[in-house]
Amino acid sequence: MKGFEYLEQELQEMKEEGVFRTLVPIESDQGAKVTINGKEVIQLSSNNYLGLTNHPRMKDAALKAVEKFGAGTGSVRTIAGTFSMHEEFEKKLAKFKHTEATLVLQSGFTANQAILSSILTKEDVVISDELNHASIIDGIRLTKAARKIYKHVDMESLEEALKETQEYRKRLVVTDGVFSMDGNIAPLPEIVELCEKYDALIMVDDAHASGVLGSNGRGTVDHFNLNGRVHIQVGTLSKAIGVLGGYIASTQAVRDYLIHKGRPFLFSTSHPPAVTAACSEAIDILLDEPERMERLWENARFLKDGLKKLGFETGISETPITPVVVGDGAKSHQLSDKLLSYGVFAQGIAFPTVPKGAARVRTIVTADHTKELLQEALDAFEKAGKELGLI
């Protein structure tokens with residue numbers, strides 16, 4: 001069909017630059033090892049931090065919910081799609097997050113879109129870290145508010161933005177809790193202090209901190225003992241929680257307002273029973289099995305130290321996200337391909353996901369990895385790195 005020649009030309013340019021990629025189907029469950037093209041390989045690209053996707057309690061909760069409530073809900077929540085389990089889970093999640101209320105949405109992406117597009121007007125301004133997640137950027141694009149970008153985790157730049165925007169009705173400072181590509185943690189105490197000094201609201205996206213930081217995985221706010229001082233927390237149920245969805249944790253007023261004004265909430269069918277039941281069970285597991293977080297961090301230190309000793313550049317990571325920065329986009333994919341041939345699945349990431357010249361293979365360990373598996377992965381990195389002249 002004619003009409004898409006311009007897309008074909010751009011795709012051809014990507015192929016010539018070595019950055020065109022195809023989807024990689026996984027033929028097994030999402031564990032420490034997965035099956036790709038009939039071959040079992042070590043998984044280092046999953047967000048399954050705590051290994052909950054395969055937890056027996058999670059699977060049992062999902063199966064029981066399907067048997068009792070069916071495969072789907074049949075409606076958006078504002079019409080007929082709110083089941084009792086939805087509200088019970090949100091109350092449990094609010095208690096876990098130490099907030100008045102929560103509202104669950106279809107994904108962390110839509111949670112950011114819902115909150116940013118609905119609570120701000122042209123009388124307001126949103127102030128965002130320059131390396132915030134794409135969902136925050138797209139949420140900002142949907143708001144009528146003015147916008148300011150401050151330099152990455154630069155508190156002088158943030159304070160300057162706060163000083164320059166004092167004429168607005170409301171100022172909302174938005175930051176990731178953990179930055180997904182570099183694995184560094186936002187300096188939240190300093191951000192909170194500046195927001196309190198200049199009477200600004202603060203919103204934290206804890207997608208990669210939920211289940212990873214804080215007491216029992218409560219996130220960045222709890223990690224820094226800032227409960228009650230952050231106005232809005234956005235999180236995901238799709239990473240460490242092991243299932244699907246996103247949530248907004250804040251006041252009852254914010255929840256009630258989003259139910260009436262949050263377009264992703266208003267116009268999307270509610271989570272099916274299996275998803276809701278499994279997410280609810282995950283919160284109980286976080287409380288019951290804190291040793292999973294301990295294993296996660298022990299494994300993260302092991303892999304991070306091993307990569308550094310081999311001579312790889314791992315950037316400023318402070319979390320189980322450990323990038324192996326190689327710079328060139330094509331080279332990052334070459335490293336990823338070689339690793340796969342040696343039994344390790346670790347995806348290359350290049351522009352536009354990261355800036356040009358900052359391409360990397362991003363690794364994420366889980367609580368389910370053993371030291372033996374991680375050492376096998378390090379051996380593969382050493383072999384591939386030497387062959388490509390990276391170490």
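Scroll up a little and you will see the structure.
The following refers to the structure shown. No experiment lies behind these values; they were computed from the predicted model shown.

### Considerations on the overall build of the protein
When helices and strands are counted, the protein shows 14 helices and 13 strands. Its C-alpha atoms give the protein a radius of gyration of 21 Å, near enough to 21 Å, the size a compact globule of 391 residues would have. For the C-alpha atoms alone, the extent of the protein along its principal axes is close to 55 × 55 × 55 Å. Counting all 391 residues of the protein, 54% fall into the buried class. Residue pairs at least 24 apart in sequence account for 71% of intrachain contacts in the protein once pairs closer than 6 positions are excluded. Here the protein carries 45 positive and 54 negative side-chain charges, and the mean point of each set is 2 Å from the other.

### Quick word on the nonpolar core
Counting 53 residues, the largest nonpolar core has Leu44, Leu335, Leu339 and Phe381 as the members making the most contacts within it. Looking at this core, the elements that each hand over two or more residues are helix H3 (84–97), strand E9 (246–250), helix H11 (273–288), helix H12 (291–310), strand E10 (321–327), helix H13 (329–341), strand E13 (359–364) and helix H14 (371–387). At seven residues, the largest contribution of residues to this core is made by H14. Apart from the residues within four sequence positions on either side, Leu44 is in contact with Leu303, Val344, Phe345, Ala346, Arg362, Thr363, Ile364, Val365, His369, Leu374, Ala377 and Phe381. Counting residues in each nonpolar core, the second largest holds 21 residues, with Leu162, Ala186, Ala200 and Val230 among its members.

### Examining the sheet that holds strand E5 (residues 146–150)
Ordered by their spatial adjacency, seven strands build an open sheet running E3-E9-E8-E7-E6-E4-E5, and the pairing between neighbours is mixed. Strands with a single pairing partner mark the edges of an open sheet, and in this sheet they are strand E3 (101–105) and E5. The mean inter-strand angle of the sheet, taken between neighbouring strand axes irrespective of direction, is 20°. Across five bridges, the pairing between strand E6 (residues 171–176) and strand E7 (residues 201–205) is parallel.

### Some thoughts on the layout of surface pockets
Its volume calculated, the largest pocket comes out at about 650 Å³. In terms of lining residues, the largest pocket is bounded by 32 residues, among which His133, Ala134, Ser180, Met181 and Thr353 are the most central. For the lining of the largest pocket, the elements supplying multiple residues, two or more each, are helix H4 (108–118), helix H5 (134–141), strand E8 (232–236) and E13. Per-class residue counts for the lining of the largest pocket are 12 nonpolar, 13 polar and seven charged.

### Side note on the sheet that holds strand E2 (residues 39–43)
In space, the three strands of this open sheet follow the order E1-E2-E11, with mixed pairing throughout. Whereas interior strands pair on both sides, the edge strands pair on one side only; in this sheet they are strand E1 (33–36) and strand E11 (344–345). As paired elements, E2 and E11 share two bridges and run parallel to each other. Considered in E11, the bridge of Ile42 is made with Val344. H14 rests against E1, E2 and E11 of the sheet, and its axis sits at about 95° to E2.

### Considerations on the packing of aromatic side chains
Scanning all chains against the criterion turns up two aromatic pairs. With a centroid separation of 5.7 Å and an interplanar angle of 80°, the aromatic rings of Phe312 and Phe381 are classed as edge-to-face. Of this pair, Phe312 sits in the loop between H12 and E10 while Phe381 sits in helix H14, placing them 69 residues apart in sequence. Classification of Phe381 as buried rests on a relative accessible area of 0%. Over the aromatic face of Phe351 sits the side chain of Lys356, whose NZ or CZ is 5.0 Å from the ring centroid.

### Considerations on helix H7 (residues 188–197)
When we look at burial in H7, the residues that qualify are Leu188, Ile191, Val192, Leu194 and Cys195. Projected down its long axis, H7 shows its buried positions confined to an angular sector of 165°, all on one face. In H7, the exposed residues that point more than 90 degrees away from the buried face are Glu193 and Lys197. Against the buried residues of H7 lie E5, helix H6 (155–164), E6, E7 and helix H8 (220–223). Residue Asp199 follows H7 closely and has a positive phi angle near 55°.

### Some points on a negative patch on the surface
A surface patch of negative charge is lined by Glu10, Glu13, Glu16 and Glu17. Within the secondary structure, Glu10 sits in helix H1 (residues 5–17). When its relative accessible area of 48% is taken as the criterion, Glu10 is described as partly exposed.

### Thoughts on the pairing of E3
Most of E3 sits inside the fold, with five of its five residues counted as buried. Here E3 shows no split at all, with Ala101, Leu103 and Leu105 on one side and Thr102 and Val104 on the other all buried. Looking at chain direction, E3 and E9 are connected through five bridges and run antiparallel. Residue Thr102 lies in a different strand from E9, and its bridge partner there is Ala249.

Thresholds applied
Residues numbered from 1 in each chain as written. Predicted model: local features only at pLDDT ≥ 70, side-chain atom pairs only at ≥ 80, totals over all residues. Heavy atoms only, no water. Helix = DSSP H or I, 4+ residues; strand = E, 2+ residues; numbered from the N terminus. Rg over C-alpha atoms; globule rule 2.2 N^0.38 Å. Buried < 20%, exposed > 50% of the residue type's maximum accessible area, 1.4 Å probe, protein only. Contact = heavy atoms within 4.5 Å. Lys, Arg positive; Asp, Glu negative; His and termini not counted. Charge placed at Lys NZ, Arg CZ, Asp CG, Glu CD. Core = buried A, V, L, I, M, F, W, Y, C linked by side-chain atoms within 4.5 Å. Pairing = 2+ DSSP bridges. Axes fitted to C-alpha atoms, helices over the stretch in contact; angles between N-to-C directions. 1 Å grid on protein atoms, 1.4 Å probe; cavity = no way out; pocket = protein on both sides within 12 Å on 5 of 7 lines; lining within 4 Å. Points joined across faces, edges and corners; volume = space filled by probe spheres on them. Nonpolar A, V, L, I, M, F, W, Y, C, P; charged D, E, K, R; others polar. Phe/Tyr/Trp six-rings, centres within 6.5 Å; stacked < 30°, edge-to-face > 60°. Lys NZ or Arg CZ within 6 Å of the ring centre and 35° of its normal. Arc of directions from axis to C-beta. Patch = residues over 30% accessible without salt bridge, like charges linked within 9 Å, V, L, I, M, F, W, Y side chains within 5 Å. Areas by Shrake-Rupley, 256 points an atom, 1.4 Å probe, with all protein chains shown as cover. Salt bridge = Lys/Arg side-chain N within 4 Å of Asp/Glu carboxyl O.

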